[in-house]
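Architecture at a glance
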Protein chains: 2
Amino acid sequence: MDFLKDSNYINQISIECVIFGYEEQTLKVLISKLNFSGDFYALQGGFITQDEDIDVAAKRILLERTGLNDIYLNQFEVFGKANRKRKEFIDKLIEANSAAYDKNIKNSDKYLWFTNRFISIGYYALVDIQKIHPKKSEIDASIEWHNVHSIPDLIMDHDEIFKHALHHLKEDIDKKFNAFNLLPETFTIKEVQDIYETIFEREYVRTNFQKKILEMNVLERLEKKFTGAKNKAPYLYKIKI
Amino acid sequence: MDFLKDSNYINQISIECVIFGYEEQTLKVLISKLNFSGDFYALQGGFITQDEDIDVAAKRILLERTGLNDIYLNQFEVFGKANRKRKEFIDKLIEANSAAYDKNIKNSDKYLWFTNRFISIGYYALVDIQKIHPKKSEIDASIEWHNVHSIPDLIMDHDEIFKHALHHLKEDIDKKFNAFNLLPETFTIKEVQDIYETIFEREYVRTNFQKKILEMNVLERLEKKFTGAKNKAPYLYKIKI
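1. Quick notes on the overall build of chain A
- When helices and strands are tallied, chain A shows six helices and nine strands.
- Here chain A, with 241 residues, has 49% of them falling under the buried criterion.
- By element, 47% of the accessible surface of chain A is carried by carbon and sulfur atoms, the whole surface being about 12400 Å².

2. Looking at the relation of the copies chain A and chain B
- Expressed as a screw operation, the relation of chain A to chain B combines 0.0 Å of axial shift with a rotation of 180°, fitting to an RMSD of 0.0 Å. Here the transformation between the copies is reduced to the relation of a two-fold axis.

3. A word on the packing of aromatic side chains
All names here are of chain B.
- A full pass over the atoms with the stated rule returns 18 aromatic pairs over all chains.
- Taking the centre distance of 5.3 Å and the plane angle of 70° together, the rings of Tyr196 and Phe209 count as edge-to-face. Remark: Phe209 occurs in helix α6 (residues 206-215) and Tyr196 occurs in helix α5 (residues 189-200); sequence separation between them is 13 residues.
- With relative accessibility at 0%, the residue Tyr196 sits in the buried group.

4. Side note on the pattern of salt bridges
All names here are of chain A.
- For the structure shown, the criterion picks out 18 salt bridges over all chains.
- The salt bridge partner of Glu160 is Lys81, with a shortest N-O separation of 3.9 Å. Here the residue Glu160 occupies a position in helix α4 (residues 158-176), and Lys81 occupies one in the loop between β5 (73-79) and α2 (87-96), the gap between them amounting to 79 residues.
- A relative accessible area of 44% places Lys81 in the partly exposed class.

5. Some details on the nonpolar core
- Ile15, Ile48 and Ile121 of chain A together with Ile15, Ile48 and Ile121 of chain B are the most contacted members of the largest nonpolar core, which has 50 residues in total.
- When sequence neighbours within four positions are dropped, the list of residues in contact with Ile48 of chain A reads Asn8, Tyr9, Ile10, Ile13, Ile15, Ile54, Ala57, Arg60 and Ile121 of chain A together with Arg117 and Ile119 of chain B.

6. Quick look at the domain arrangement of chain A
Residue and element names in this part refer to chain A.
- Domains assigned within chain A are domain 1 (2-179) and domain 2 (183-239).
- The interface of domain 1 with domain 2 comprises 13 residues on the first partner and 15 residues on the second.
- Viewed at the interface, domain 2 and domain 1 are joined by zero salt bridges.
- Counting the contacts that link domain 1 with domain 2 gives two residue pairs in polar contact (both at pLDDT 80 or more).
- With five residues, α4 is the largest single contributor of residues to the side of domain 1 that touches domain 2.
- In terms of residue class, the side of domain 1 that touches domain 2 is made up of seven nonpolar, three polar and three charged.

7. Re the layout of surface pockets
- Its boundaries defined by the atoms lining it, the second largest pocket holds a volume of some 690 Å³.
- Looking at the second largest pocket, it is lined by 13 residues, and the ones nearest its centre are Asp174, Lys175 and Lys212 of chain A together with Asp174 and Lys175 of chain B.
- Looking at the lining of the second largest pocket, the elements that each hand over two or more residues are α4 and α6 (206-215) of chain A together with α4 (158-176) and α6 of chain B.
- Examining the composition of the lining of the second largest pocket, we find that four residues originate from one element, α4 of chain A, more than from any other.
- Taken together, the residues that form the lining of the second largest pocket break down as two nonpolar, no polar and eleven charged.

8. Focus: the packing of helix α5 (residues 189-200) of chain A against α6 of chain A
Residue and element names in this part refer to chain A.
- Direction vectors running N to C along α5 and α6 enclose 95°, while the axes themselves pass 10 Å from each other. Between α5 and α6, the crossing angle belongs to the class labelled roughly perpendicular. Here Ile189, Val192, Gln193 and Tyr196 of α5 lie close against α6, whose contacting residues are Arg206, Phe209, Gln210, Lys212, Ile213 and Leu214.
- Its residues placed into classes, the contact of α5 with α6 shows six nonpolar, two polar and two charged.

9. As for the confidence of the model for chain A
- In this model, chain A carries an average pLDDT of 85, and 88% of its residues clear a pLDDT of 70 or more.
- Model confidence for the complex is summarised by a pTM of 0.85, with the ipTM given as 0.82.

10. Digging into empty space enclosed by the protein
- One pass over the full model with this rule turns up one cavity of 30 Å³ or more.
- For the largest cavity, the calculated volume is near 30 Å³.
- Taken together, the elements giving at least two residues each to the lining of the largest cavity come down to β6 (119-128) of chain A together with β6 (119-128) of chain B.
- For the lining of the largest cavity, the residue count by class is eight nonpolar, no polar and no charged.

11. Digging into unusual backbone geometry
- The residue Gln12 of chain A is not glycine, and still its phi comes out positive at about 70°.
- Here Gln12 of chain A lies in strand β1 (residues 9-23).
- Not every positive phi belongs to a glycine, and Glu24 of chain B is a case in point at roughly 45°.
- Mapping Glu24 of chain B onto the fold places it in the loop between β1 (9-23) and β2 (26-34).

12. Considerations on the environment of His168 of chain A
Residue and element names in this part refer to chain A.
- Relative to the elements of secondary structure, His168 occurs in helix α4.
- Residue classification places His168 among the buried positions, given a relative accessible area of 19%.
- Spatially, the C-alpha atom of His168 lies 19 Å from that of Ile119, the residues being 49 residues apart in sequence.
- If we skip the residues at most four places from it in the chain, His168 touches Phe76, Glu77 and Tyr124.

13. Comments concerning the interface of chain A and chain B
- Each partner contributes to the interface: chain A provides 22 residues, whereas chain B provides 22 residues.
- For the pairing of chain A and chain B, the buried interface totals around 1800 Å² over both sides, and the portion due to carbon and sulfur atoms is 54%.
- Joining chain A to chain B, the criterion identifies zero salt bridges.
- The interface formed by chain A and chain B contains 14 residue pairs in polar contact (both at pLDDT 80 or more).
- If you list the elements that add at least two residues to the side of chain A that touches chain B, you get β1, β4 (44-49), β5, β6 and α4 of chain A.
- Considered class by class, the residues forming the side of chain A that touches chain B number eight nonpolar, five polar and nine charged.

14. Quick notes on the side chain of Glu16 of chain A
Residues and elements named next belong to chain A.
- Turning to its location among the elements, Glu16 is positioned in strand β1.
- Looking at Glu16, its side chain comes within polar contact range of the side chain of His158, at 3.5 Å.
- Contacts of Glu16, omitting those with residues within four sequence positions, involve Leu43, Gln44, Gly45, Arg84, Arg86, Ser120, Ile121, Gly122, Tyr123, His158 and Ile161.

Parameters and conventions
Residue positions within a chain follow its written sequence, with the count starting from 1. Going through the entries in the order they are written, you letter the chains from A and number the ligands from 1. Totals for whole chains, interfaces and linings use all residues, but because this is a predicted model, local features are given only for residues with pLDDT of at least 70 and pairs of side-chain atoms are given and counted only at 80 or more. Hydrogens and water are ignored here; the side-chain numbers use all heavy atoms of the structure. Strands here are runs of E lasting at least two residues and helices are runs of H or I lasting at least four, both read from the DSSP assignment and numbered beginning at the N terminus. Residue burial is assigned from relative accessible area. The probe radius is 1.4 Å, only protein chains are included, and a residue is buried under 20% of its type maximum, exposed over 50%, and partly exposed in between. All accessible areas in this document rest on Shrake-Rupley with a 1.4 Å probe, and a residue is counted as covered only by the protein chains that are shown. The atoms used to superpose the copies are C-alpha atoms, taken from residues with pLDDT of at least 70 in both, and the fit is least squares. Stacked, edge-to-face and tilted are the three classes for Phe, Tyr and Trp ring pairs, Trp counted by its six-membered ring, which pair at centre distances within 6.5 Å; planes under 30 degrees apart are stacked, over 60 edge-to-face, the rest tilted. Just to be clear on terms, a salt bridge is a Lys or Arg side-chain nitrogen sitting within 4 Å of an Asp or Glu carboxyl oxygen. Residue types Ala, Val, Leu, Ile, Met, Phe, Trp, Tyr and Cys, when buried and joined through side-chain atoms within 4.5 Å, form a set referred to as a nonpolar core. Here a residue-residue contact requires only that any non-hydrogen atoms of the pair lie within 4.5 Å. Marked domain ranges trace back to an automatic or database domain assignment. What qualifies as a polar contact is a pair of N or O atoms within 3.5 Å, subject to a donor-acceptor requirement within protein and to the restriction that residues adjacent in sequence count only when both atoms come from side chains. Gly counts as polar in this scheme, as do all residues outside two lists: the nonpolar Ala, Val, Leu, Ile, Met, Phe, Trp, Tyr, Cys and Pro, and the charged Asp, Glu, Lys and Arg. Only protein atoms enter the 1 Å grid used here, on which a cavity is any set of points holding a 1.4 Å probe that cannot leave and a pocket is any open set flanked by protein within 12 Å on both sides along at least five of seven lines; residues with an atom within 4 Å of a point are listed as lining. Grid points are joined across faces, edges and corners, and a volume is the space filled by probe spheres set on the points. Between the N-to-C directions of two axes lies an angle of 0 to 180 degrees, each axis being a line fitted to C-alpha atoms and, for a helix, fitted only over the stretch in contact. Here the angle decides the label: under 35 degrees means roughly parallel, over 145 means roughly antiparallel, 65 to 115 means roughly perpendicular, and every other value means oblique. Residue-level confidence of the predictor is what pLDDT reports, using numbers from 0 through 100. Each of two parts loses accessible area, computed with a 1.4 Å probe, when they are put together; buried area is these two losses added.

Set out below in structure tokens:
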């Protein structure tokens, strides 16, 4: 538990990352099973050092867990209820791990800061599952993708954080087209439509969808995609810079 | 400076409220001139006590400054750059106030926490200027409404916080119709259009605007407004619950 001892962290503020992944028209989320007895599942979180911008801290946490650099991360909400304390969760953890776990942690000064109230800044990312290899941290027994419709119960208020992140993802993608982490350099409108249909769990009429996306004015049309059948070839697009 | 001594505040986290006001088709923002020599202008900020939800703290700050309760406040962004420290600002303040101000504040332990790096959670509100009487706090020399196009230079990164708040206000109002603090219980579409034209600084074609607003599906149509001229009377609306 060496990471808990870093006295250079800002006390009482943490970051939770909700890492959404897209693969074969399914939307998933990355969940850690904690490395203790008992079923403790959690989002990927971390702390901010005294000399680190909060956005830099969030990117570092994402990099540590996914190996991905330079990913669009969206700060979406702060979770700051007064009863948001780790103590209850840690007491449960200790109870479930009385043999394996150092019981003295409970009263040890050097860990006490960790049981305080924490205000947590939520970030989400949307990544291509095929491009990343999730890495467990020292507190994870495993780290896995779960379909957003079948995630286990999460610790503390992580369920709420996940639900709010999904809500913001939907709002944002409809407004800002922030699905660009998922797209290759050039792509067809059909590829974009697949992503939207997966996230919103609905079908779109092709012509309506094309109109909606082009009206966002974020795509630049390139040549037609070579498919052999010249007349039916779809146009390729890229993101406008 | 008694408020600086409250040891029950969470250290290194603050709240900044950007309070927008609407009056006679003008959009304004509430700015404090600090009670020191020198031109120090600031947004309305404050701290979070250990047993207070962050949303409750933001509402308390708004109540203290405006007398308004139960106002829709929108948490819009966290400002968390590593170089976001009060020390530089306080040093400037002390320099400009060497006679009037206790120079020892600089090295006094009880004020040191206040010179740390602070991560600030931004909230904005949009209120009816005619309904409120801004109240200065103990650090304000005055507190006044300024047209959003002619605000003075603000301390620290308050200019950036103000600009981001205005950006979010525009984005949100177009999506969530969160202008309801400004409207009476029943109102005409023309009253809504006036607010939108002020905030977006553009004119709308009446019929297009009516269509856009009604498509948001947040308004309930009531009887016609009695004006004497029956045929031209506009409908009254109220916000759907």
